[in-house]
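Observations on chain architecture
Here is what each chain is made of, one letter per residue.
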Protein chains: 2
Amino acid sequence: MSVRRSLIVVSNRGPVTYARDAEGMRVERRGGGGLVTALRGLVHHHDVTWIASATTDEDRVVAAEGSGDGVVLVAHDAAAYDGYYNTIANPLLWFVQHSLWALGTRPELDEATHRAWNDGYVRVNRAFADAVVAQLDNTPDATVFFHDYHLYLAPAFVREARPDATLAHFVHIPWPSDWSALPEEWRRAVHTGLLSNDLVGFHTQRWARNFLRTCDDVLGPGPRPRVAHHAISVDPAEFEELAASDAVLEREARLVATRPERLIVRVDRTDPSKNIVRGFHAFALLLERHAEWHGRVSMLALLDPSRERVPEYVAYREEIERAVRAVNERFGRPGWQPVDLRIEDDFLQSVAAYKQYDVLLVNAVYDGMNLVAKEGPLVNAREGVLVLSENTGAHDELGGWAIGVSPFDVLGQAEALHAALSMDVAERRRRAEALREHVRGNDAARWLRGLLDDVDGVST
Amino acid sequence: MSVRRSLIVVSNRGPVTYARDAEGMRVERRGGGGLVTALRGLVHHHDVTWIASATTDEDRVVAAEGSGDGVVLVAHDAAAYDGYYNTIANPLLWFVQHSLWALGTRPELDEATHRAWNDGYVRVNRAFADAVVAQLDNTPDATVFFHDYHLYLAPAFVREARPDATLAHFVHIPWPSDWSALPEEWRRAVHTGLLSNDLVGFHTQRWARNFLRTCDDVLGPGPRPRVAHHAISVDPAEFEELAASDAVLEREARLVATRPERLIVRVDRTDPSKNIVRGFHAFALLLERHAEWHGRVSMLALLDPSRERVPEYVAYREEIERAVRAVNERFGRPGWQPVDLRIEDDFLQSVAAYKQYDVLLVNAVYDGMNLVAKEGPLVNAREGVLVLSENTGAHDELGGWAIGVSPFDVLGQAEALHAALSMDVAERRRRAEALREHVRGNDAARWLRGLLDDVDGVST
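Residues numbered from 1 in each chain as written. Chains lettered and ligands numbered in written order. Predicted model: local features only at pLDDT ≥ 70, side-chain atom pairs only at ≥ 80, totals over all residues.

1. Observations regarding the domain arrangement of chain A
All names here are of chain A. By the assigned domains, chain A splits into domain 1 (6-233 + 445-458) and domain 2 (236-441). Centre-to-centre separation of domain 1 and domain 2, based on C-alpha positions: 30 Å. Counting residues at the interface gives 18 residues for domain 1, matched by 17 residues for domain 2. Within the residue set of the side of domain 1 that touches domain 2, elements represented by two or more residues are α3 (78-97) and α7 (205-219). Grouping the amino acids of the side of domain 1 that touches domain 2 by side-chain chemistry returns seven nonpolar, 10 polar and one charged. (Domains from an automatic or database assignment. Contact = placed C-beta atoms within 7 Å. Helix = DSSP H or I, 4+ residues; strand = E, 2+ residues; numbered from the N terminus. Nonpolar A, V, L, I, M, F, W, Y, C, P; charged D, E, K, R; others polar.)

2. Focus on helix α16 (residues 425-441) of chain A
Residues and elements named next belong to chain A. End to end, α16 covers 24 Å across 17 residues, agreeing with the expected 24 Å (1.5 Å per residue, within 8%). The set of residues buried in α16 consists of Arg-431, Ala-432, Leu-435 and Val-439. For α16, the arc enclosing every buried residue in end-on projection is 100 degrees, short of the 170-degree limit, so these residues lie on one face. Opposite the packed face of α16, turned more than 90 degrees from it, sit the exposed residues Ala-426, Arg-429, Glu-437 and Gly-441. Those residues of α16 hidden inside the fold are in contact with α8 (236-243), α13 (372-379), β14 (385-389) and α14 (393-398). (Expected span 1.5 Å × (residues − 1). Buried ≥ 20, exposed ≤ 12 C-beta atoms within 10 Å, placed from the backbone. Arc of directions from axis to C-beta.)

3. Some words on the relation of the copies chain A and chain B
Between the two copies, chain A and chain B, the superposition gives an RMSD of 0.0 Å; the rotation angle is 180 degrees and the shift along the axis is 0.0 Å. Here the copies are linked by what is in effect a two-fold axis. Measuring from the rotation axis to each C-alpha of chain A, the shortest distance belongs to Ala-102 of chain A, at 1.9 Å. An overlap of 100% is found between the interface residues of chain A and their copies at the interface of chain B, pointing to a shared contact surface. (Least-squares fit on C-alpha atoms with pLDDT ≥ 70 in both.)

4. Points about the nonpolar core
Residues Val-387 of chain A together with Val-387 of chain B are the most contacted members of the largest nonpolar core, which totals 304 residues. Apart from the residues within four sequence positions on either side, Val-387 of chain A is in contact with Val-359, Leu-360, Leu-361, Val-362, Asn-363, Ala-402, Ile-403, Val-405, Ala-416, Leu-417 and Ala-420 of chain A. (Core = buried A, V, L, I, M, F, W, Y, C linked by C-beta atoms within 7 Å.)

5. With respect to the interface of chain A and chain B
At the interface, 33 residues of chain A touch 34 residues of chain B. Listed by contribution, the elements that provide at least two residues to the side of chain A that touches chain B are α4 (111-138), α10 (276-289) and α15 (410-422) of chain A. Residues that form the side of chain A that touches chain B fall into these classes: 14 nonpolar, 11 polar and eight charged.

6. A look at the environment of Phe-347 of chain B
All names here are of chain B. Take Phe-347: it is sitting in helix α12 (residues 347-356). Looking at Phe-347, the number of C-beta atoms within 10 Å reads 15, which means it is partly exposed. When the C-alpha positions of Phe-347 and Val-248 are compared, they lie 9.3 Å apart, and in sequence the two are 99 residues distant.

7. A word on the sheet that holds strand β15 (residues 403-405) of chain B
Residue and element names in this part refer to chain B. Spatially, β12-β11-β10-β13-β14-β15 is the arrangement adopted by the six strands of the open sheet, whose pairing is parallel. The two strands at the open ends of the sheet, each matched to only one other strand, are β12 (339-343) and β15. Ignoring strand direction, the axes of neighbouring strands in this sheet form an average angle of 20 degrees. Pairing of strand β13 (residues 359-362) with strand β14 (residues 385-389), which is carried by four bridges, proceeds in the parallel orientation. The partner of Val-362 across the bridge, within β14, is Leu-388. Relative to β14, helix α13 (residues 372-379) is tilted by about 175 degrees, and along the sheet it contacts β10 (262-269), β13 and β14. (Pairing = 2+ DSSP bridges. Axes fitted to C-alpha atoms, helices over the stretch in contact; angles between N-to-C directions.)

See the structure below:
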């Protein structure tokens, strides 16, 4: 098979976190999120040291012990981490990269934001870079593999200390075409940091193209690293096994017992980038324009609560709840509740819903990839139709077998839902099979192989 | 001098509007706005027919009479015009082009928006195109010169009917790097319309560059018209005459009688793109960080009420008033009111304030050009300092003699105001003189000559 590599993976969240159980014994918990899941495969086939932030008290104990077992945890100053994570990474960078700011009034880069940048984001990136440099002293030939928007500055710091190291960076979220929401010094630092890598990767050609443009705009012409695009994906075997598990079957049975004739499903975090509110408005417009669906279709929204300490997210969750109340009050009647909203963290429930959807709605404002659009079709058992935002990375791959929508076009989404609900079964089957086949053939392992091949191409 | 040309100028607002006076006699009123002012010079040196919307009852009478005197007024269906103007042009296109939408929740392209596009924007553009084609029958060799974001579709309609006509279009507002806020069909129509011209002009290289990029993104590769950039400007002689007029001197005397030691001035429409609220927050932060200015400096904000029927503008005006109250309540004391807010349409007052500023704050979120940044330095009498947003077209020309700011960076703006207030007089004089000289040498007539030279280059 493929060659065994020496890798230093660097991401904010690691593959494990530590805690103490009731008897005071240290226990390991698997880290969540698509990034960690997709990268976990690395550990079996390569010599990997994974550098991540200590996020629990027990993580800090492990960090102080010098870590070990392939994981290095970096214990940051608490105030620095708060500024880095809760002010700069979220919402500032996340909102810039998903085009979520109403620039007329937000963001306001005030004294606190400047502190969060200088004493938070810069400092935490410096701490990550120090940990990388220390690890490079142990494994000097290792390739360093940075991940995502938390770590834009670290590569420049590492490059300064180790001019010959091989550095790669993968950005998992969209790259916007304009960075002028950040002051010049900050946007230069972001771009200079990424350009300190030998390889910069994105999910799609669109984000890679935008990156090359904004490098020109922010820094002017100059040498560029290799810029690649590889679409992240899921592990089909793991997913199909999960779909057949007792826990999922049990949830699915409950769903089957209460589901209406047709079920529209959405699965998301409560994040404004996911476009949840417009989705409910589109569903209401469907019901307004096509009364034949009254009583026959409902929308199941499974939402994982997200970033509950960020004010923008609190406000957005309230807006979601208001929108659902409005739809249900307007159209609901005894025996039929149009929207079933569940804000909870229950991934098994999501898998059960994936199996049961007739329409899967993914209408994200922007999304680097969107794995829901891959997970759903993989396990769906009803030849369900995917309605997919043109601004997701997944649309580049799957758009041909989905019904594409503009995330801002509520009428367009309402009519897309109607078209999906009305599609004949042969056409639905054709599309569903094509989607399933594509995702099976383009899995997370393939994504990783493509990336590592590129890394080999730039290794010295 | 230059050659006499046959031109058909097309813009939503025309050079005159008509009304009836108290005795029932028809009277002409000069149209306002920077575009009309800058273009008015054309009429004296060329054979111009100006096609514009009828906006008053008397305009409609003139339109029905077949217009005349070099002006053709197009009377639109009232509902069509409302959708075209109050839904599509403002706020939709204006907000897209100034990056003002919080895309997580707005815009929502609902049934009303689709109607406003199909039965408003498309229809009014078609009516303009019909008027242009009719005029071309009278003056077949005339060059058609479209203006701004109201008329993106008209060139394609004219091109269809008159394949050999010479068409030029000047866009007076920023061209953003991403048009995906509009559904695919609409953004294709916008780009196809502009590409139907022989020449497309913008104020700066930045907007022209973005246009060429979004043409690639939206339509793919293909033939392109000539894309030029020429910076619009003012008429210095007219402006200096105005500054010396009795009406301005009278207002200036009142200002001098009450002004504090240092005066920060801003002159804007009440438009979210102008970034008025962040300006007050920056001024508050200046007072918080530099107590030496308490009692010595005040901010005079002269704001022309704008688009008062558009809900976004109503909300923004309220936010402006709240922000001013907050600053005055927090820092004001007997004998010193930090902010003097005047929301009224009094251009002569603005000219008086231009003469009296020590600091002129232009911190627009985005601005195609921004003429305030040119008008102020032309007549200022105190070696005042210009604090200028990097996202204005004017910054490309004047940035070297201004203090540049990021419009989102409130701390940066507070410190820029402090630096401007603290600058020694020699440095202030050097900068003020350079600004004045630049604007005198690069006036509206020069802008027009540059454009017309380009038109000659593409004429058949």
